[in-house]
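Fold and geometry: a report
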Amino acid sequence: MPCLQSESLESMDPDRTTPGPSSAAGTEESFRRETVTAPLTVKDVSWFFSPLWNPRSKTRSTRFKDGVKSNQVEAWLDDHSDFTRAYFLRRASAVSGPQAESPLPRVLRNSSDQSDLLRKGHHHLRPSSPITSSHMSPLMYRLVPLSSDVSASPDCIDRFSPDVCVSRCPCSPRSPRSPFSPHSSRFSFLPCQPLSPICPSSPDLPLSPHPLHPSATHSTLCGHGEYCPWMMELLRGGLSWMGSVVELCQGAVLHTGELLAAECCSLSLVKKDCGGRSTLEEVVAPTALGCLSEGNLYSHAHLELVKGIMGCALATGSPMNLRDVSGDPRFDLDDDQSLKIRTVLSVPIKNHRGEVVGVAVMINKTNCCNGSVSAFTNMDEKVLSNHMDVLGLFLDNVQLYESSRQEAKRSQVSFSNVIHLECEELGSSCQIYRREHDISDIDQSYALQTLVAMETLKMSQISEETITSLVCCPVRNERSENVIAVCQLMKKWSKDSDDMEAFNRYDERLLEDLAVYCGLALQYAQAVMITEERRASIEVTQEVLAYHITAAEQEIQALQEASIPSVESLHMLDFHFSEFGLPEDRSTQATIRMFLDLNLVQDFNIEYKSLCQWVLSVRRGYRNNVPYHNWNHALSTAQSMFAILMATDQLMTIFSRLEILALMIATLNHDIDHRGVNNSYIERTQQPLAQLYGHSSLENHHYNLCIFILNNTGSQILSGLSAEDHRAVLHMLKRAILATDLNVYMERRTEFFTLAKKSRVNWKSEKKKDLLRSMLMTASDLSAITKPWPEQKRIANLVTMEFFAQGDKEKQEFKIKPIDIMNRENIPRLPYMQVEYIDDICYPLYKAVSRLFDTCSPLLDGCKKNRENWMHLAMEAQDEDIENSKCVMLTTQTEE
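Just so we're clear, the structure is a prediction, and the values are computed from it rather than from any experiment.

**Overview of the overall build of the chain**
Helix and strand content of the chain: 31 helices and 15 strands. Taking all 896 residues of the chain together, 46% fall into the buried category. Only carbon and sulfur atoms are counted for the fraction: they give 52% of the accessible area of the chain, which is about 45700 Å².

**Things to note about a positive patch on the surface**
Taken together, the side chains of Lys757, Lys847, Arg851 and Lys864 present a region of like positive charge at the surface. Considering the arrangement of structural elements, one finds Lys847 in helix α30 (residues 830-852).

**Comments concerning a negative patch on the surface**
On the surface, a cluster of negative charge is contributed by Glu876, Asp879, Glu880, Asp881 and Glu883. Secondary-structure assignment places Glu880 in helix α31 (residues 857-895). Classification of Glu880 as exposed rests on a relative accessible area of 51%.

**Looking at helix α26 (residues 723-738)**
Because each turn of an α-helix spans 3.6 residues, side chains separated by three or four positions end up pointing in the same direction. Taking 1.5 Å of rise per residue, the 16 residues of α26 would be expected to cover 22 Å, and the 23 Å separating its terminal C-alpha atoms lies within 8% of that figure. On its buried face, α26 is in contact with α22 (657-669), α25 (697-711), α27 (742-756) and α28 (766-781).

**A few points about helix α20 (residues 631-647)**
Relative to the 24 Å expected for 17 residues at 1.5 Å per residue, α20 spans 24 Å between its end C-alpha atoms, a close match to the ideal helical length. Where burial is concerned, most of α20 is hidden: 14 out of the 17 residues are buried. The N-cap of α20, judged by a side-chain oxygen 3.2 Å from the amide nitrogen of Asn632 a few residues on, is Asn630.

**As for the pattern of salt bridges**
Inspection of every chain in the model, using the stated rule, returns 27 salt bridges. Of the charged contacts in the structure, one is a salt bridge between Lys365 and Asp380, with a shortest N-O distance of 3.1 Å. Taken together, the residues span a long stretch of sequence, with Lys365 in strand β9 (residues 356-366) and Asp380 in helix α12 (residues 378-426) at a distance of 15 residues. The exposure classification of Lys365 matches that of Asp380, with both residues buried. A salt bridge links Asp673 to Arg675; the shortest N-O distance between them is 3.2 Å. Each member of the salt-bridge network shares a partner with another, and the members are Glu659, Arg735, Arg748, Glu766, Lys769, Asp770 and Arg773.

**Focus: the state of the cysteines**
In this structure the tally under the stated criterion is zero disulfides. Cysteine Cys487 shares no disulfide, and the gap to the nearest cysteine sulfur, in Cys518, comes to 3.9 Å. Residue Cys487 is classed as buried on the basis of its relative accessible area of 11%.

**Some details on the nonpolar core**
Nonpolar side chains in soluble globular proteins generally cluster together in the buried interior. Core analysis: the largest hydrophobic core is formed by 96 residues, its most contacted members being Phe595, Trp614, Met664, Leu733 and Phe752. Grouped together as the second largest cluster of nonpolar side chains are 31 residues, Trp230, Ala252, Val284 and Phe394 included.

**Focus on the environment of Glu561**
Tracing the sequence through the fold places Glu561 in helix α15 (residues 553-561). When the C-alpha atoms of Glu561 and Cys612 are compared, they prove to be 9.9 Å apart, with 51 residues separating the residues in sequence.

**Examining the pairing of strand β5 (residues 262-272)**
Of the pairings in the sheet, the one linking β5 to β9 comprises seven bridges and is antiparallel in character. The partner of Leu267 across the bridge, within β9, is Ala360. Direction of pairing for β5 relative to strand β6 (residues 278-288): antiparallel, over a ladder of eight bridges. Across the sheet, Ser268 pairs through a bridge with Glu282, a residue of β6.

**Here's the deal with the side chain of Thr256**
The residue Thr256 is located in helix α9 (residues 245-259) in this model. Ignoring sequence-local partners within four residues, the contact set of Thr256 consists of Met362, Leu384, His387 and Met388.

**Focus on the packing of helix α14 (residues 505-549) against α25**
Running from amino to carboxyl end, α14 crosses α25 at an angle of 75°, the nearest separation of the two axes being 11 Å. If you check the angle between α14 and α25, you find them roughly perpendicular. Each of Gln542, Leu545, Ala546 and Ile549 in α14 lies in contact with α25, whose residues at this interface are Leu705, Phe708 and Ile709.

**Considerations on the packing of aromatic side chains**
Scanning all chains against the criterion turns up six aromatic pairs. Judged by centre distance (5.7 Å) and plane angle (70°), the rings of Phe595 and Trp614 are edge-to-face. Residue Phe595 is found in helix α17 (residues 584-597), and its partner Trp614 is found in helix α19 (residues 608-621); the two are separated by 19 residues along the sequence. Exposure remark for Phe595: the relative accessible area of 0% places this residue in the buried category. Trp614 gets classed as buried once you look at its relative accessible area, which sits at 0%. Directly above the ring of Phe814 sits Arg684, whose terminal nitrogen or CZ lies 5.7 Å from the centroid.

The rules behind these values
Residues numbered from 1 in each chain as written. Predicted model: local features only at pLDDT ≥ 70, side-chain atom pairs only at ≥ 80, totals over all residues. Heavy atoms only, no water. Helix = DSSP H or I, 4+ residues; strand = E, 2+ residues; numbered from the N terminus. Buried < 20%, exposed > 50% of the residue type's maximum accessible area, 1.4 Å probe, protein only. Areas by Shrake-Rupley, 256 points an atom, 1.4 Å probe, with all protein chains shown as cover. Patch = residues over 30% accessible without salt bridge, like charges linked within 9 Å, V, L, I, M, F, W, Y side chains within 5 Å. Salt bridge = Lys/Arg side-chain N within 4 Å of Asp/Glu carboxyl O. Lys, Arg positive; Asp, Glu negative; His and termini not counted. Charge placed at Lys NZ, Arg CZ, Asp CG, Glu CD. Expected span 1.5 Å × (residues − 1). Contact = heavy atoms within 4.5 Å. Polar contact = N/O pair within 3.5 Å; in protein donor to acceptor, adjacent residues only side chain to side chain. Disulfide = S-S within 2.5 Å. Core = buried A, V, L, I, M, F, W, Y, C linked by side-chain atoms within 4.5 Å. Pairing = 2+ DSSP bridges. Axes fitted to C-alpha atoms, helices over the stretch in contact; angles between N-to-C directions. Parallel < 35°, antiparallel > 145°, perpendicular 65-115°, else oblique. Phe/Tyr/Trp six-rings, centres within 6.5 Å; stacked < 30°, edge-to-face > 60°. Lys NZ or Arg CZ within 6 Å of the ring centre and 35° of its normal.

In structure tokens form, the structure reads like this:
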């Protein structure tokens, strides 16, 4: 806290003596609020840090030197504690090391706003005039008085103990004038003197030759609010001492450990992994005080206990003072642990934003007389917390400096190199300097000429009345080459005189380079605006889609309360199952039954209402106007997969429960929102789906809509999965749905047929299991070819109806002849085309599946029977053609 010295102090407290270690008894009393009626005239300012002063405190508790009555100044400083602390830290570093020059150049800034605020705070001394971060960044600028010619006051010197005076506090009487002095009204801002980079292993950052070591001389005073040697050495060292974060943390934790008479101390910093989870990384291992090289003091079990305690402090963000570790129910200790670790004090280290950046821990407070272990007191907790607050501030400052350094390097790569190269080319004629000018009198007519001509304009005219010197450069759109803005420079003045100069070639090229960056910036801003508008439009569209795809509450409740029929009554285990004629409510009940009998609801904690809403939403996702690829086809595909899994014990062993869940979800969603046309038509018509995905457009769309429904509120049947299982299910879902693209099937089936010819196959590898899942998805998707003949013939008519409709569109839109299977003129050849379809696509697949799993032989048998039936129709059609040909020949001969 600051220590304000007033001219009227002696009259207020003439018997005042220099405080010393004996003042510890009054530490708690010093925190009470004091009120003063008469205003004080501040003559000078000195300051010190007390570990009992909390920089985040919101109260106005006094901690001035004994007897000082200055509630108004104190109230202002307490209400602006962040500014006060940051300023004093910067001020100490600047004054204590004047011989060390800052690595950043001195830049004077306009400080009228800050000076006014400080003068206002000095004269009025009210909390109603804050200095907020919008006026001053406590980590980026250092407030320094321009004049320091005021001599020290002897009264103020007498008020300090010798220890405090020796420390050369930056606002003490031996330092330059205090910035709060009424005579100091002019201020300038300097870039904050950066701290050392934080990476201890960086090859270009040598370790500090002066690591911090706690000083035992004043350690007894530190805990009583008088003087903290670690803080003063920290502030006085500046850039000269800081070599690594490890040394900084070691100095802090060892110093506080000695203060608290702890037997052992440790410190860890927060590290975030790729997933954003916070973990603790040990920086200072559990170490005996005064013996830095001793290393670990306890067994592995003890270290795990310490890590657990530090983890609790990290999770809660609050100190933990365990006065009896063995009695704490959160930690299960064995006899050896309870004997060695009895009392623990753990405190989180926070930055200025209140984020936890580390945890410090003290173990076993020891009695200096008899060596017994006692509990850490509340005062110990305050001392450790406030030391860690200061440590957090410095760690944050170090990180800020490192970020600034990296940003500066990136900036140098872009625009600075252009300037440096031009300066090397022009030599001494290259001049770069900054001046403030009034831009209100800029003539925009030259910019208009540049806009029209679309070329750089450079002009230098000197006459008796006016002097004109300017250069204008167009800013172009990268794509269209249109001029979207104009950069203009005017009135170039000489550096050494007040004469005006003409812009040279270097100035012109520099402005052209700047125009490129301006164009990129404008385009980026425009792109961001368009992106935000489209994002908002997509969100609105998704809201509308979610509303229309979600079933009504009454429909969900009806399915939830319905009695689900058994698989036997629904014939769900039969490979000859037909969804034809099944009522709509029965189809959703059949879907629920499959999930129940596979124990997916129980195994993955699927809420029953969510399952009902998800099934209804999937059904609503299919289009009723599509003849074949609709909800009935989805149910048939899912039932085929269900029958295969239930009939084949070997598959239930090969696949995990997670894989079975993914297969059932994939079969129900593999054709959701199908439009009745194939990928070729979508690509040829350049529909948005083709532009969005490029290949397997329909299958990618089916997968994305499946994920959309799974994420929709109330339909989240995967919410019970862990993050890892959730990612695995989504990956398998995408692979399974994309496998229903016949092009993908044709590419992968050779490998599967080769495996089927082997006498024995090891399905443990993920690659082989993925191949098997893909082939079973296709087998289920094409299972209509294995159904009984009446069902197969009905489905074939639906498929041809859909295909012929696409062929008609192609004739009308593209004026082309469709392929045979989509050409309505080939209706008589339908049996032949069906036989070709079975021979080329279906039969080889079912033959391979049946060879691997004999329980799937009904699929192969059904496929063979339907081929015979189609072949019979093809022969009948051929006989009819022959008879028709004979009739035509006979008629012709008769006419002759």
